[in-house]
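# Survey of secondary and tertiary structure
One letter stands for each residue in the lines below.
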Amino acid sequence: QVQLVESGGGLVQAGGSLRLSCAASGRAFSSYDMGWFRQAPGKEREFVATISRSGGYTIYADSVKGRFTISRDNAKNTVYLQMNSLKPEDTAVYYCAGGSYYSSLPSDFASWGQGTQVTVSS
């Protein structure tokens, strides 16, 4: 299985930007579809974005479409989430996940990172 570690979270002002990274170790990173999810206090974990194994296809939640960009560098075993025009409602713990399906469903992702906190102040 692949092991995942997120980084890049922090505190930013509304309208600012952050770039999250997810470093993977283990065999065949390029064989995994990758996704980002987030969870705010008291709320369910929600889908943010997913990217296919080669990076050719992406899906975004309506709430982040046009502001966030998911990408991957298979040579570096890393997936990224570029977050622009951040809003207070983006505040959450962000999780990187890997799975065998190009999907927005958490159940389709078997490997998860520990999460990184993103806080957007107004």
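Residues numbered from 1 in each chain as written. Predicted model: local features only at pLDDT ≥ 70, side-chain atom pairs only at ≥ 80, totals over all residues. Heavy atoms only, no water.

## Looking at the overall build of the protein
Helix and strand content of the protein: 0 helices and 11 strands. Start at the N end of the protein and walk to the C end: the helices and strands fall as β-β-β-β-β-β-β-β-β-β-β. Here the C-alpha radius of gyration of the protein, 13 Å, is about what a compact globule of 122 residues would show, namely 14 Å. When its C-alpha atoms are laid out on the principal axes, the protein stretches across 40 × 25 × 25 Å. The burial tally for the protein puts 43% of its 122 residues in the buried class. Sequence-distant contacts in the protein: of pairs separated by 6 or more residues, those separated by 24 or more amount to 57%. Per element, the accessible surface of the protein, about 6000 Å² overall, is 49% carbon and sulfur. On the protein, the mean spot of the 11 positive side-chain charges and the mean spot of the 9 negative ones are 5 Å from each other. (Helix = DSSP H or I, 4+ residues; strand = E, 2+ residues; numbered from the N terminus. Rg over C-alpha atoms; globule rule 2.2 N^0.38 Å. Buried < 20%, exposed > 50% of the residue type's maximum accessible area, 1.4 Å probe, protein only. Contact = heavy atoms within 4.5 Å. Areas by Shrake-Rupley, 256 points an atom, 1.4 Å probe, with all protein chains shown as cover. Lys, Arg positive; Asp, Glu negative; His and termini not counted. Charge placed at Lys NZ, Arg CZ, Asp CG, Glu CD.)

## Comments concerning the side chain of Thr-50
Within the fold, Thr-50 resides in strand 5 (residues 46-51). Reaching out from Thr-50, the side chain makes a polar contact with the backbone oxygen of Met-34 at a distance of 2.9 Å. Of note is the side chain of Thr-50, whose polar atom sits 3.4 Å from the backbone oxygen of Ser-103. (Polar contact = N/O pair within 3.5 Å; in protein donor to acceptor, adjacent residues only side chain to side chain.)

## Considerations on the pattern of salt bridges
All chains considered together, the criterion is met by 4 salt bridges. Between Arg-53 and Asp-33 there is a salt bridge, with the nearest N and O atoms lying 3.7 Å from each other. With Arg-53 in the loop between strand 5 and strand 6 (58-60) and Asp-33 in strand 4 (residues 33-39), this pair connects stretches of sequence that are 20 residues apart. A salt bridge links Arg-38 to Glu-46; its shortest N-O distance comes to 2.6 Å. According to the relative accessible area criterion, Arg-38 is buried, its value standing at 4%. Judged by its relative accessible area of 35%, Glu-46 falls in the partly exposed class. Each of Arg-38, Glu-46, Arg-67 and Asp-90 takes part in a single network of salt bridges with overlapping partners. (Salt bridge = Lys/Arg side-chain N within 4 Å of Asp/Glu carboxyl O.)

## Thoughts on the sheet that holds strand 8 (residues 78-83)
Read across the open sheet, the 4 strands follow the order 1-3-8-7; overall the sheet is antiparallel. Each end of this open sheet is capped by a strand with a single partner; those strands are strand 1 (3-7) and strand 7 (68-73). On average, each strand axis in the sheet is tilted by 15 degrees relative to the strand beside it, whichever way the strands run. (Pairing = 2+ DSSP bridges. Axes fitted to C-alpha atoms, helices over the stretch in contact; angles between N-to-C directions.)

## Here we look at a nonpolar patch on the surface
Taken together, Tyr-57, Ile-59 and Tyr-102 make up a surface patch of nonpolar side chains, about 300 Å² in accessible area. Within the secondary structure, Ile-59 is located in strand 6. What makes Ile-59 partly exposed here is its relative accessible area of 31%. (Patch = residues over 30% accessible without salt bridge, like charges linked within 9 Å, V, L, I, M, F, W, Y side chains within 5 Å.)

## Considerations on the nonpolar core
Met-34, Trp-36, Leu-81, Met-83 and Tyr-94 are the most contacted members of the largest nonpolar core, which has 33 residues in total. If you list the elements that add at least two residues to this core, you get strand 3 (18-25), strand 4, strand 5, strand 7, strand 8, strand 9 (92-99) and strand 11 (116-121). Once residues lying within four places of it in the same chain are set aside, the contact partners of Tyr-94 are Glu-6, Leu-20, Trp-36, Phe-37, Arg-38, Val-48, Phe-68, Leu-81, Met-83, Gly-115, Thr-116 and Val-118. (Core = buried A, V, L, I, M, F, W, Y, C linked by side-chain atoms within 4.5 Å.)

This is a description of form; function is not addressed.
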